[in-house]
Amino acid sequence: MPTARADLSVDLNADLGEGFGIWDLGDDDAMLDIVTSANVACGFHAGDPARLARVCRAAAERGVRIGAQVSYRDLAGFGRRFIDATAEDLTADVMYQIGALQALAHAAGSRVSYVKPHGALYNSIVSHHGQARAVAAAVLAVDPGLPVLGLSGSAFFAAAGELGLRTVPEAFADRAYRADGQLVSRREPNAVLGDVGEIVERVVSMVTAGRVDAVDGSTIPISVASVCVHGDSPGAVEIATAVRRRLTEDGITVAPFTA
């Protein structure tokens with residue numbers, strides 16, 4: 001049996017509940033057996049209420065933390081298109097989504113433990129200060145005790161920190177990074193990684209050494225308290241299983257970042 005490294009603990013999260021109606025995306029049940037935190041869609045980019053209620057119940061049964069995966073109002077584009085929303089509209093949209101998932105999580109005997117933006121909104125608020133403030137303001141208005149999951153060094157984290165919100169930096173197991181620490185756009189080749197062995201080694205490097213190789217060949221620093229494996233990626237269950245197994249074998253505690 002490996003000896004746990006008291007100095008190292010990391011959360012493992014995945015985006016879940018992203019099907020809609022008769023359309024299934026990913027294997028939510030299988031992923032919930034692996035991850036420690038579930039970023040559950042809130043209906044704006046994916047997820048119908050009945051499906052989201054089922055995911056919340058399944059997460060509660062397994063002791064997996066539930067996070068509100070908030071998005072632009074973009075069901076047709078899966079939340080991957082930038083929307084030039086006003087601050088008033090974006091704040092209200094995010095509050096609405098958190099509230100909806102709070103009700104479903106409460107009914108399942110659990111609660112929303114954190115907030116994570118999705119897709120284009122996640123990427124936008126890395127540098128869009130106005131939208132970053134709007135999202136942070138929404139979380140503060142709903143519950144100032146909710147941590148926010150996102151990219152270290154982002155405008156979102158700056159705004160959240162100014163408002164007194166807890167910020168939790170995450171890294172992506174299956175996404176390529178640019179030299180500036182941002183994610184490679186999904187529109188570019190090789191933005192999503194698929195080699196399980198390569199992904200596992202990258203995660204170990206991120207968690208133990210705080211660094212990752214960027215697409216230009218450089219090695220960049222990275223801050224990580226939670227590792228994301230996208231639930232809709234090909235081979236997501238295999239990737240998540242391999243990542244968790246390797247972390248455990250290396251004596252790294254895999255546990256939620258939330259209490």
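Residues numbered from 1 in each chain as written. Predicted model: local features only at pLDDT ≥ 70, side-chain atom pairs only at ≥ 80, totals over all residues. Heavy atoms only, no water.

An unreviewed UniProt entry lists the protein chain under the name 5-oxoprolinase subunit A, with [Mycobacterium] manitobense given as the organism. Its UniProt record, at the heading Catalytic activity (unreviewed entry), says of the protein chain: "5-oxo-L-proline + ATP + 2 H2O = L-glutamate + ADP + phosphate + H(+)". The Subunit (unreviewed entry) comment attached to the protein chain in UniProt states, word for word, "Forms a complex composed of PxpA, PxpB and PxpC." (UniProt positions renumbered as here; feature names shortened; annotations may be inferred.)

**What about helix H5 (residues 129–142)?**
Here H5 is 14 residues long and its end C-alpha atoms lie 20 Å apart, about the 20 Å a rise of 1.5 Å per residue gives. Among the residues of H5, Gln131, Ala132, Ala134, Val135, Ala136, Ala138 and Val139 are the ones counted as buried. Its buried side turned inward, H5 meets helix H3 (87–107), strand S4 (112–117), helix H4 (119–124), strand S5 (148–150) and helix H6 (155–162). (Helix = DSSP H or I, 4+ residues; strand = E, 2+ residues; numbered from the N terminus. Expected span 1.5 Å × (residues − 1). Buried < 20%, exposed > 50% of the residue type's maximum accessible area, 1.4 Å probe, protein only. Contact = heavy atoms within 4.5 Å.)

**Describing the packing of helix H2 (residues 49–62) against H3**
Two elements in contact, H2 and H3, have axes whose closest approach is 8 Å; the angle formed by their N-to-C orientations is 50 degrees. In terms of their interaxial angle, H2 and H3 are classed as oblique. Considering how the two elements wind past one another, H2 and H3 form a crossing that is right-handed. Between H2 and H3, the residues in contact are Pro49, Leu52, Ala53 and Cys56 and Leu101, Leu104 and Ala105, respectively. Here the contact of H2 with H3 is built from residues that sort into seven nonpolar, no polar and no charged. (Axes fitted to C-alpha atoms, helices over the stretch in contact; angles between N-to-C directions. Parallel < 35°, antiparallel > 145°, perpendicular 65-115°, else oblique. Left-handed = near helix turned anticlockwise from the far one by under 90°. Nonpolar A, V, L, I, M, F, W, Y, C, P; charged D, E, K, R; others polar.)

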